[in-house]
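# Topology and contacts: notes
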Amino acid sequence: MYNLIGAGLIVIGAGIGLGQIGGKAMEGIARQPEATGKIQTAMIIIAALLEGLAFGALFLGK
Amino acid sequence: MTTFAQIFRSIIFDKEIMKEVSKVIKNLVLIIAAISSLQSFAFSEGQDEGAVNTKEEVSEYINHHIKDSHDFHLFSFTNGEGERKHVGFPLPVIVWSSNGLVTFMSSEFHHDDNGEVIVEKSGSKFVKLHSKIYELEEGATSVNLDESHHATNAHKVLDFSITKSVVGILLVGLFMLWAFSSLARQYKNKSVPTGFGRVLEPLVIYVRDEIAKPNIGEKKYRQFTGYLLTVFFFIWILNLLGLTPFGFNVTGQLAVTAALAILTLIIYTFSGNKDYWMHMLWMPGVPVLIRPVLAIIELAGAFLIKPFSLLVRLFANISAGHIVVMSLIAIMFTLKESLGVAGATGLSLILSFFITLIEVLVAFLQAYIFTMLSALFIGMAVAEHDHEHHHDAEGHEIPDEEDVRADFI
């Protein structure tokens, strides 16, 4: 029961984080369209790090 | 309308195209013949055994799929006499038991996974329990299970079997050897590859120019590009293979992803230069008292957190993808009562179609991220100071004002 609540909290946290990453990347691209490639690469790396953390927590808490 | 008909007719009667079509048909017939000649091996009694209907059976089936298995199972069906038939082929079992090396085919277990069928080979008795092979203790005639389904009178053996994942790895390895050596050979005679090489060349250049060069640096990227290319294509092809009905789940095995992560760890540890170790263990420009604390964090990061994040990300993404796809397919069984056969099948078809499209993207993205992070870690280890150290009047080096790692991001 508690591990399910924990899994839910993890997913909520990861969702907020991914939203922040994606939103800020969008903002950055809108401000500086010529830096799109660099921003996308950095965005994907940070999203991957966050996702790895979220998945790790999910698997440990399963 | 007439033009359409003309084009259609010209396609039908074009000799070249007909030749191609007949080649394709010949290949298709060969493939169908090969598939239908697969031996249908081993069946268990009872009408319902192996069929998947309820939620518990669905989750058990999914758990079984996520694990590695000792035989190559394609599909099962119930024939007219009510027998359950499994179609696929057995794979060799190679184990190191207390009586030495023992080999036999996994078909001798007759598809049993609950430790009921006992195989006796060179003085040892083997059972298969939850996709793992156990050796019975001396004198035991059947396997005893405790409450949590662990065997009490059997122990695990060293298992070198050619399992399903090993078959997948070997297939992809051979494919890559063939594809890339033929691509490399083409460059001896011409500067533009033909045929399948045209598909591979942009991908190779993409990995080199977008992943290796910017992360490792113009000077040193060449010696690491080989590893990055190998890892990228290995993970990508295996991820795509996992989406086919053959049901490979190779990159969703912890052992496989751990091996890949350890390879990256070895490469960036052994190619790390003086600056890398100095900035990790005794970083300049930091108060002396804080240096040991930071060194512990840096060491844990380099040897535990980096490889752990690499292996868990790949494993968890692929496993989760497989679980989601199979759960959505299972909707057609679990919601049959409430939605009707057509409704449940349609819902599961639509959902699993779109999630499979996302999975195709994830297959590429995970290969890209693994390669990207490997390149990033290697780049951190081989980066050099590209500026001169300043010296004071006595010739001592003045510590850098900025952190070198700001250059990496």
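Residues numbered from 1 in each chain as written. Chains lettered and ligands numbered in written order. Predicted model: local features only at pLDDT ≥ 70, side-chain atom pairs only at ≥ 80, totals over all residues.

### A short note on the overall build of chain A
In terms of regular secondary structure, chain A is built from two helices and zero strands. Here the C-alpha radius of gyration of chain A, 14 Å, is well above what a compact globule of 62 residues would show, namely 11 Å. Seen through its principal axes, chain A has C-alpha atoms that stretch 50 × 15 × 5 Å. The buried share of chain A, taken over its 62 residues, is 8%. (Helix = DSSP H or I, 4+ residues; strand = E, 2+ residues; numbered from the N terminus. Rg over C-alpha atoms; globule rule 2.2 N^0.38 Å. Buried ≥ 20, exposed ≤ 12 C-beta atoms within 10 Å, placed from the backbone.)

### Examining the sheet that holds strand S4 (residues 92-97) of chain B
Residue and element names in this part refer to chain B. Spatial ordering of the open sheet is given by S5-S4-S10, a layout of three strands whose pairing is antiparallel. Since the sheet does not close on itself, it has two edges, and those belong to strand S5 (100-105) and strand S10 (158-159), each with one partner. Pairing of S4 with S5, which is carried by six bridges, proceeds in the antiparallel orientation. Bridge pairing in S5 links Ser-97 to Gly-100. (Pairing = 2+ DSSP bridges.)

### Some points on the UniProt feature "domain: V-ATPase proteolipid subunit C-like" (unreviewed entry) in chain A
In this numbering, the UniProt entry assigns the feature "domain: V-ATPase proteolipid subunit C-like" (unreviewed entry) to residues 5-57 of chain A. As annotated, residues 5-57 of chain A comprises 92% helix and 0% strand, and the C-alpha atoms at either end are separated by 12 Å. (UniProt positions renumbered as here; feature names shortened; annotations may be inferred.)

### Things to note about the pairing of strand S3 (residues 84-90) of chain B
Residues and elements named next belong to chain B. Two elements, strand S2 (residues 71-78) and S3, share seven bridges in a ladder whose sense is antiparallel. Residue pairing across strands places Phe-75 opposite Val-87, the latter belonging to S3. Between the end of S2 and the start of S3, which pair antiparallel, lie five residues, with Gly-82 showing a positive phi angle near 80 degrees.

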